[in-house]
Amino acid sequence: MQKSQGKDYFILLILTDGVINDMPETKEAIVNASTYPVSIIIVGLGDEDFEAMEILDGDHQRISYKGKVAESDIVQFVPFREFIDKSKNNNVTSPVLLANEVLAEIPEQFLSYMKRRHIFPNITRKLSRMAVVTQV
């Protein structure tokens, strides 16, 4: 992935039903990816122990690998089991709440990346359009 000039931002969605078997390599990849315009959403499926995923989430402590700390928290982990009702054929209890949780950190991650890179919206064009509209 090439670093963009503020025109692109990527979201990687990972669906997993297992535990991490290569935690050091995963941490290294996330630390390295934290310099790019990317957010990683991990959805844990099933009843596995997803404790390692919570570590990757970085909400409580930013992850690091061999002393190198991630530039920012780019991972959001969501355990899908918290949004299903097993008494009703495993139906999702609230698709809206699930969507909110899955996407909760994206705006802050996006803005954080743009601010760190000093990438700001081109508001001149928008302001000139607004001036035309207000003059009518």
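What you see is a predicted model, and the numbers here were worked out from it, not measured in a lab.

Comments concerning the pairing of strand E2 (residues 38-44)
Among the 7 residues in E2, 7 count as buried, and that is most of the element. Alternating residues of E2 divide into Val-38, Ile-40, Ile-42 and Gly-44 and Ser-39, Ile-41 and Val-43, and every residue in both groups is buried. Sheet topology places strand E1 (residues 10-16) next to E2; 7 bridges connect them, and they run parallel. In the strand pairing of E2, Thr-16 is matched with Gly-44. Chirality of the crossover, the property in question, places the unit of E1, helix H1 (residues 23-33) and E2 among those that are right-handed. Pairing between E2 and strand E5 (residues 75-79): 5 bridges, direction parallel.

Focus on the sheet that holds E2
Pairing in this open sheet of 3 strands is parallel, and the strands run E1-E2-E5 from one edge to the other. For this open sheet the edge positions go to E1 and E5, each flanked by a neighbour on one side alone. When strand polarity is set aside, the average angle formed by the axes of neighbouring strands in this sheet is 15°. Its contacts with the sheet place helix H3 (residues 95-103) against E2 and E5, and it is angled at close to 150° to E5. Contacts from helix H4 (residues 106-116) reach E1, E2 and E5 within the one sheet, and its direction differs from that of E2 by about 155°.

Quick word on the packing of aromatic side chains
Applying the stated criterion across every chain yields a total of 3 aromatic pairs. With a centroid separation of 5.2 Å and 85° between ring planes, the pair formed by Tyr-9 and Phe-110 is classed as edge-to-face. Placement of Tyr-9 in the segment before E1 and of Phe-110 in helix H4 is noted, with a sequence separation of 101 residues between them. Look at Phe-110 and you get partly exposed, because its relative accessible area is 33%. Joined through ring pairs, the aromatic side chains of Tyr-9, Phe-110 and Tyr-113 make up one cluster.

A short note on unusual backbone geometry
For Lys-66, which is not glycine, the phi torsion reads 50° and is therefore positive. By the element assignment, Lys-66 lies in the loop between strand E3 (64-65) and strand E4 (68-69). Look at His-118: it is not a glycine, yet its phi comes out positive at around 55°. With relative accessibility at 62%, the residue His-118 sits in the exposed group.

Examining the nonpolar core
Judged by nonpolar contacts, the single largest core of 16 residues is most densely connected at Ile-30, Ile-42, Leu-56, Ile-74 and Val-75. Breaking this core down by element, the ones donating at least two residues are H1, E2, helix H2 (51-57) and E5. Looking at which element gives the most residues to this core, the answer is H1, with 4 residues. Other than its neighbours up to four places away in sequence, Val-75 contacts Ile-30, Ile-40, Ile-42, Leu-56, Asp-57, Glu-105 and Gln-109. With 7 residues, the next largest nonpolar core counts Ile-41, Val-43, Phe-83 and Ile-106 among its residues.

What counts and what doesn't
Residue numbers run consecutively from 1 along every chain, following the written order of its sequence. Local features in this predicted model are restricted to residues whose pLDDT is 70 or higher, and side-chain atom pairs enter the listing and the counts only when it is 80 or higher, whereas totals over whole chains, interfaces and linings include all residues. Processing note: side-chain calculations cover all non-hydrogen atoms of the structure and skip hydrogens and water entirely. Relative accessibility thresholds used throughout: buried, under 20% of the residue-type maximum; exposed, over 50%; partly exposed, between the two (1.4 Å probe, protein chains only). Think of it this way: any DSSP run of H or I at least four residues long counts as a helix, any run of E at least two long counts as a strand, and we number them from the N terminus. Pairing between strands requires that DSSP locate at least two bridges from one strand to the other. Seen with its strands pointing away from the viewer, a crossover is right-handed if its path from the first strand over the helix to the second goes clockwise. Between N-to-C directions, angles span 0 to 180 degrees; the directions come from axes that are lines fitted to C-alpha atoms, helices contributing only their stretch in contact. We call two residues in contact whenever any of their non-hydrogen atoms come within 4.5 Å of each other. Aromatic rings from Phe, Tyr and Trp, taking only the six-membered ring of Trp, are treated as a pair when their centres fall within 6.5 Å; an angle between ring planes under 30 degrees marks them as stacked, one over 60 as edge-to-face, and anything in between as tilted. Buried Ala, Val, Leu, Ile, Met, Phe, Trp, Tyr and Cys residues form a nonpolar core when they are joined through side-chain atoms within 4.5 Å.

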